[in-house]
Structure formats: C-alpha cells, structure tokens
Amino acid sequence: LNPPRDRWPVVRAQVMTMRRQTRMVRTGWASLALAASLAGVIAVRSVQHRPAQVAETQDLASLVNRSHELEETLREYDPASRVMSAARAGAVADLEDRIAAVDAELDQQASRARDDVVGLWRQRVQLMEGLVNAHVATATYSGM
C-alpha cells in the first residue's frame, strides 16, 4: 500500500516545524553561552585591573613607610658622632648626595607619572638601605 500523495505537504510541514524548533533551541542555548562567556571575560578583566592599581598604591605606601623606618634607624645610630675611615666617609657622602638628588626629583612628583614616582621611592629605599648598612658596618667595626 502506498500512502496518499496529498499527505506529503502535511508531513513536510511537521518535519520543517520540528527542525525550526530544534534550531531555535540550539541557537538560544548558544546565544546564552556566548553572553555568559562575554560577561565572564568582562568580569575577569575588571577584577584583574583593580588589584594592580591597589597593589601599586600599597607598594608606594610600603616604600614610603620603609624609607621612614630607615631614617629612624639612622637617627638611632647617630652617625654624626661616629668615627669612620676616609673611604667610608666618601661612600657615605656619595650615598647622601644620591639620596638628595632623588629627594629633589620626588619634590617634583606632581608632574611625574605614577610609575616614575614608585621607581623613585624604590631607588630612595635602596640608597637608604645602603646608607644604613654603611653606618652599621662602621659602628660594628669601630666598636670591636
């Protein structure tokens, strides 16, 4: 038995409707997945940029605090009342001159980029550590 030919348009319409519905469901899920992916990427990027700014601010604050701590350490050693060799005195004078130059640049920090200011504070802390080490070594050496 052959099916009647006039049923074919009805069967074809049902198949096309099912395909369209399947395609809509798939497209809907794909669109939802794409939207979720974009939202995730935007959220991750915004979170990644925020800690960098916070870390930079904390880094600058920690450098400034470290510099103040080193200045206090120098005051405690009272380097002006200690005797040192000429070579050591020359090295100390050089370090103090370099610190003064960095301080002069820091006084003009309003016209500088934030990265430059952080770099200058890093340089100042390194120079201050060298100065403290020079005075501590002198104090240890002359005390023996």
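Just so it is clear, the structure is predicted and the values come from calculations on it, not from any experiment.

Criteria and cut-off values
Residues numbered from 1 in each chain as written. Predicted model: local features only at pLDDT ≥ 70, side-chain atom pairs only at ≥ 80, totals over all residues. Heavy atoms only, no water. Core = buried A, V, L, I, M, F, W, Y, C linked by side-chain atoms within 4.5 Å. Buried < 20%, exposed > 50% of the residue type's maximum accessible area, 1.4 Å probe, protein only. Helix = DSSP H or I, 4+ residues; strand = E, 2+ residues; numbered from the N terminus. Contact = heavy atoms within 4.5 Å. Salt bridge = Lys/Arg side-chain N within 4 Å of Asp/Glu carboxyl O. Expected span 1.5 Å × (residues − 1). Arc of directions from axis to C-beta. pLDDT = per-residue confidence, 0-100. Patch = residues over 30% accessible without salt bridge, like charges linked within 9 Å, V, L, I, M, F, W, Y side chains within 5 Å. Areas by Shrake-Rupley, 256 points an atom, 1.4 Å probe, with all protein chains shown as cover. Lys, Arg positive; Asp, Glu negative; His and termini not counted. Charge placed at Lys NZ, Arg CZ, Asp CG, Glu CD.

## Observations concerning the nonpolar core
Then, in step 1: With 19 residues, the main nonpolar core has Leu106, Trp121 and Leu131 as its most contacted residues.
Then, in step 2: Among the elements that take part in this core, helix α3 (residues 114-142) stands out by supplying 10 residues, more than any other.
Then, in step 3: Those residues in contact with leucine 131 that sit more than four places away from it in its chain are Leu74, Val92, Leu95, Glu96 and Ile99.

## What about the pattern of salt bridges?
Then, in step 1: A complete count under the given rule lists 8 salt bridges for this structure.
Then, in step 2: Two residues, arginine 122 and aspartate 59, come together in a salt bridge whose shortest N-O distance is 2.3 Å. A residue pair is termed long-range when its members are at least 10 positions apart, and arginine 122 in helix α3 and aspartate 59 in helix α1 (residues 8-77) qualify at 63 residues.
Then, in step 3: Given a relative accessible area of 24%, aspartate 59 falls into the partly exposed group.

## Topic: helix α2 (residues 86-107)
Then, in step 1: Here α2 spans 31 Å end to end across 22 residues, near enough to the 32 Å set by a 1.5 Å rise per residue.
Then, in step 2: Taken together, the buried positions of α2 are Val92, Leu95, Ile99, Val102 and Leu106. Buried residues of α2, seen end-on, are gathered within an arc of 85 degrees and therefore sit on one face of the element. Away from its buried face by more than 90 degrees, α2 exposes Ala86, Ala87, Asp97 and Asp107.

## A look at the confidence of the model for the protein
Then, in step 1: Per-residue confidence for the protein gives a mean pLDDT of 78, with 78% of residues at or over 70.
Then, in step 2: Confidence scores differ between elements of the protein, with α3 showing the lowest mean pLDDT of 77 and α2 the highest of 84.

## Concerning a positive patch on the surface
Then, in step 1: On the surface, Arg12, Arg19, Arg20 and Arg23 cluster together into a patch of positive charge.
Then, in step 2: Residue arginine 12 is classed as partly exposed on the basis of its relative accessible area of 47%.

## Comments concerning a nonpolar patch on the surface
Then, in step 1: A cluster of nonpolar side chains, Trp8, Val11 and Val15, forms an exposed patch at the surface whose accessible area comes to about 280 Å².
Then, in step 2: Turning to its location among the elements, tryptophan 8 is positioned in helix α1.
Then, in step 3: Judged by its relative accessible area of 56%, tryptophan 8 falls in the exposed class.

## Quick look at the side chain of serine 67
Then, in step 1: Position of serine 67 among the secondary structure elements: in helix α1.
Then, in step 2: Leaving out residues up to four positions away in the same chain, serine 67 has contacts with Trp121, Arg124, Val125 and Met128.

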